[in-house]
Every structure is written in structure tokens, then in C-alpha cells.
Amino acid sequence: MSTAQPPQPVSAAENRRRWQAVGVGLVAAFMTLLDVSIVNVAVPSIDRALHASPSDLQWILSGYALTFGLALVPAGRFGDARGRRNAFVFGIALFTITSALAGLATSPTWLVIARLLQGAAAGIVNPQVIGLIQQLFRGPERARPFGLLGATIGISTAVGPLLGGLLIAIGGEEHGWRWVFFVNVPVGVVAVILGWRLLPGRPTGQPGWRRLDPVGVLLLGVGVVLVLLPLVQEQQWHTPWKWALIPAGLAVLVAFGLWERRYARQNPPLFDLRLFGLQSYTLGAILALVYFGGFTAIFFIYTLFLQMGLGYSALVSGLAITPFALGSAAAAVLGGRIVNRFGRPLVAIGLLAVIVGLAATVIALHLAPHAPAPWVTAGPLLVAGIGSGLVIAPNQTITLSEVPVGQAGSGAGMLQTGQRIGAAAGIAAVGSMFFSSLATSHDWTTAFERSLTLATGIIVLALIAALIDIWRNHNHKN
């Protein structure tokens, strides 16, 4: 694995300040990524309170992911060009305001619009956090903050249903769902203040507004929307013509690539396509896209299985996912520390552990069909969580290891855009398997086992990508 230049010594005061800045970024990342999954358990309460239609509920869930993915690359480029502190503070302020508006919603339309804006704000914030780590740390010393970021991603994704269930239990079925959004407000206010004080200011020698590539922004945005829309609306749009949007979106993304190549001859592009010439970046991005396709879908179908199929409360359903979250958090911190020593083989080991854990989950449910599912799955999900912690943070470190600091935001944005597309595709595919199996078997356990097997198969593809990278590196050294 290639690394940047050796880090230069920093004073104790500078080191303390950069860790404080990263701490603020991690809190913001946790808060925005938490809202990907925390709302899932609130859907029944929102349905009763606002009398939302199935289409409204789908947009409340998927609209956030759609605008999140749409904003990532342009926001990353803006942070590279105009200063990460400006973009971070604006994004967190917008996220805080829209969270409050979501909590105050009196109609489904109000809540959908708030969620769309909230997702865009999250997309503005997240590439700044990764770019900040790239900017403040050099070479091998990036492994530790990336390990903490990986732990943050893993915990926020897995603990969302638990925290959502807890807030609903405290606030009550009628108004508890509002606290799922209101909880962001005090944290967001503090993050705005500390972000402005602690994050480094605007760098010198930035391009002007006219060089921020508006045509590239438009082409990328249209392409991402066309690819994501049929995926996030898979359950609501019954026409088969919806799938025609995906090749149309891919065609627009090809046009985006051609435009970027032309634009880069005289101006800094929205995204430098030469990054795909880096093996570490290309294979890491592919691995992340595929892994998130299987990883994110797990919590979607498990929540449905426990709450709707077995009748568990939102709180118990959230607690059932806690072993995965704990294992992921602990392993991500460890993985961040040792990734420079082991490189991509560490990611492969993590993927193998995820596959073993998920396969064991299916086997445990099959062998003990009448035992309490949260207890039966706790051990296997802990193993899968440990594996996941060895995937996300180390892969992120390796993928971005050769990306120049001036392109860290846009490079991270493209990486995360792939993750969002992978997550949407995975939920669409695995969710479709879940509902089709339920329709034919009329058995929730069978539907969950089949869909979890599909999610595991998707993660096997990520393992293959990791093994290809290991094989190519081995041949290159020899």
C-alpha cells in the first residue's frame, strides 16, 4: 500500500487542536449518518400521527439517502476549493434547522421536504470530515483518526434503531418520533460553534466561483438521481419501466466523465478522473460500493423481521442489533491502528468474518426456530460486527492513502456516493427478496433467512474484490 510523505512533527498544542477538530467532525458524522437508520423504527409512529401514505413513508426514508448522495461530490469539491470550515459549518447549521423542522412537521409533505433538505445537509458535512483528516494528518498517522471514523460509521448505522426505539419509548408512541429529529438540535448547535472555532480556515490560492464546474455538478447530479430513483422507489413504483432510468443515468455519468476530462485541461474539475488511475482508490471504491450493498440491507430486513414479523417493540429490535454495533466499534478502532501493517489483507479477513457471522445467523435461526431471535442471533451478529469494523475503516484508509490533500474532499465525496448507491441498490435487491419470499412462503423467518443469504452473497463479491487487489499487489511486488 502506498503512503504519503512521512508526517512532520507537530507541537503538543497543534496536536491537541487537530484532535479537537477531528472530534467535532466525528460527532457531526455520527449525527448525520445516524439519521440514515434511526427513522426506520419511527415509521409506524409517523404513520399513525400524520396519516402518511406508503409513498410518503418511502420518501421519508429514502429521500434522505437520495439527497445525501446527490450533495457529496459537489460539497467535497467546494470544501477543497473554498475551505472545509465554511462548508462544514453551513452543512451542520442546515442540518440542525431541518432536523427541527422535521420534528415540528404537521403533515407528510412537510416531513418529506424537511427530510430531503436534511439529507442534502448531511451530504455537505460528511466529505468535509474525511477531507479534514486528510488535511490535518499525514501518512501512517491518518490510520488512527480513520479508525475512529470507521467506528463512527459502524456504530451510527447499527445503533440507529436502538436509539430510535429508546426515544420513542421515552417520548411515547404519539410524539416519540419527533424526538428522533429533535435530538439533533442541541448537538448541532454545539457543533456549529465548535466547528467555527476549531476547524482550520479557508486555504489560500483557491479557485473562484466560476471554476467550480457548474456543468459537472449538473451532469453528476442528474446521473446520480436517475440511478438512485428506481432503487429507492423500488417498492412503490410497480412499472418495469423504472429500471430504464438506470442505464439512462449511467449514460449521463459517462457524459459527466467526458466533460470532466475536457474541463480538466484548463480548470480544476469537479472530480479528477485521474484518481481512478490509482489502484488503491479504484478497487477500494468498488469494494465499498459492493460492501455497503450487503451491509446496510441487513439492518433494514432485520428490523422488519423483528418488529413486523415477530412483534417485538422498537426498543427490543434496536437492542438486538447492539452486538453488531459493539463489535464493529471495537474492531474499527483496532483496525485503524494496524491497517498500515497489514494493508488490504486485513480488509479481506474482516469480510470473511462478516460472511461467517451472517451465515451463522441464518443457521442459528434455522436450528432454533422457536427460541427468542434476539438471543439466538447475538453471538453471530457480534462476529459479523467485528468483521465489519475491520472492513470500513481500513478500507477507507487504504482507498484514500494516495489521494492528494487538495482533492481529498471530492475524492471522499465520490467514495461516499458509491456507498450510498450501493446501499440503495442493496436495500432494493435484498428488500425485494424479503417481500417476494414472504408472499410465497407466508413465513417471516424464511423470508429473513433467504434475504440475509442474498446480503451475504453480495458481501462475498466484496471479498472477491479484496482478493483481486491482494493478488495484484503480490504480483506487482514479485
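Report follows, based on the coordinates. One numbering rule holds for all chains: residues counted from 1, following each sequence as written. A pLDDT threshold of at least 70 governs which residues receive local features in this predicted model, and a stricter bar of 80 or more applies before side-chain atom pairs are shown or counted, although totals over entire chains, interfaces and linings include all residues. To obtain the side-chain values, all non-hydrogen atoms of the structure were used and water was disregarded.

Counting its regular elements, the protein contains 17 helices and 0 strands. Over its C-alpha trace the protein gives a radius of gyration of 21 Å, about what one expects of a compact globule, namely 23 Å for 478 residues. Dimensions of the protein along its principal axes, counting C-alpha atoms only, are 60 × 55 × 50 Å. Only protein chains enter the accessibility calculation, which uses a 1.4 Å probe; a residue whose area is less than 20% of its type maximum is buried, one above 50% is exposed, and one in between is partly exposed. Split into buried and exposed, the 478 residues of the protein put 56% on the buried side. The contact criterion used is simple: two residues touch if any of their non-hydrogen atoms lie within 4.5 Å. Counted over contacts in the protein with a minimum sequence separation of 6, partners at least 24 positions apart contribute 83%. Per element, the accessible surface of the protein, about 19,200 Å² overall, is 69% carbon and sulfur. By the counting scheme adopted, Arg and Lys are positive, Glu and Asp are negative, and His together with the chain ends is not counted. Where a charge lies is defined by one atom per residue type, namely NZ (Lys), CZ (Arg), CG (Asp) and CD (Glu). Computing the positive centroid from 29 side-chain charges and the negative centroid from 16, the protein places the two 13 Å apart. By definition, any uninterrupted DSSP run of H or I lasting at least four residues is a helix, any uninterrupted run of E lasting at least two residues is a strand, and each is numbered from the N terminus. Both definitions apply: the radius of gyration is a C-alpha atom measure, and the globule rule equals 2.2 Å times residues to the power 0.38. Using the Shrake-Rupley algorithm and a 1.4 Å probe, accessible areas are obtained, with residue cover drawn only from the displayed protein chains.

With respect to the element layout, Ser 99 can be found in helix 4 (residues 84-103). Those residues within four positions of Ser 99 in sequence are excluded, and the remaining contacts are Gln 118, Phe 181 and Asn 184.

A word on helix 8 (residues 214-232). By this rule, a helix spans an expected 1.5 Å times one less than how many residues it contains. A rise of 1.5 Å per residue sets the reference length of helix 8, with its 19 residues, at 27 Å; its end C-alpha atoms lie 26 Å apart and thus fit the reference within 8%. Listed in full, the buried residues belonging to helix 8 are Gly 216, Leu 220, Gly 221, Gly 223, Val 224, Leu 226, Val 227, Leu 228, Leu 229, Pro 230, Leu 231 and Val 232. Here the buried face of helix 8 lies against helix 3 (54-82), helix 9 (245-263) and helix 16 (408-441).

The term salt bridge refers to a pairing of a side-chain nitrogen on Lys or Arg with a carboxyl oxygen on Asp or Glu at a separation within 4 Å. Counted under the stated rule, the structure contains 5 salt bridges. Linking Arg 18 and Glu 141 is a salt bridge whose minimum nitrogen-to-oxygen distance equals 3.2 Å. Here the residue Arg 18 occupies a position in helix 1 (residues 12-37), and Glu 141 occupies one in the loop between helix 5 (108-136) and helix 6 (143-182), the gap between them amounting to 123 residues. Taking the relative accessible area as the measure of exposure, Arg 18 reaches 10% and is therefore buried.

The subject of this paragraph is the packing of aromatic side chains. Each aromatic ring pair is summarised here by two numbers: the centre-to-centre distance and the angle between the ring planes. What counts as a ring pair is set by centres within 6.5 Å for rings of Phe, Tyr and Trp (its six-membered ring), and what kind of pair is set by the plane angle: stacked under 30 degrees, edge-to-face over 60, tilted for all other angles. In this structure the tally under the stated criterion is 19 aromatic pairs. Their ring planes at 65° and their centres at 5.1 Å tell us that Trp 19 and Phe 137 sit as a pair that is edge-to-face. Of this pair, Trp 19 sits in helix 1 while Phe 137 is found in the loop between helix 5 and helix 6, placing the two residues 118 residues apart along the sequence. On the accessibility criterion, Phe 137 (1% relative accessible area) is buried. Pairing Tyr 291 with Phe 292 gives two aromatic rings, centres 6.2 Å apart and planes at 90°, and the pair type is edge-to-face. Taking relative accessible area as the criterion, Tyr 291 reaches 1% and is therefore assigned buried. The rings of Tyr 291, Phe 292, Phe 295, Phe 299 and Phe 324 are connected pair by pair, giving a single aromatic cluster. Should the NZ of a Lys or the CZ of an Arg lie within 6 Å of a ring centre and within 35 degrees of the ring normal, that charge is described as sitting over the ring. Between Arg 85 and the ring centre of Trp 196, over which it is positioned, the NZ or CZ distance is 4.3 Å. The ring of Phe 68 is capped by Arg 420, whose NZ or CZ atom sits 5.1 Å from the centre of that ring.

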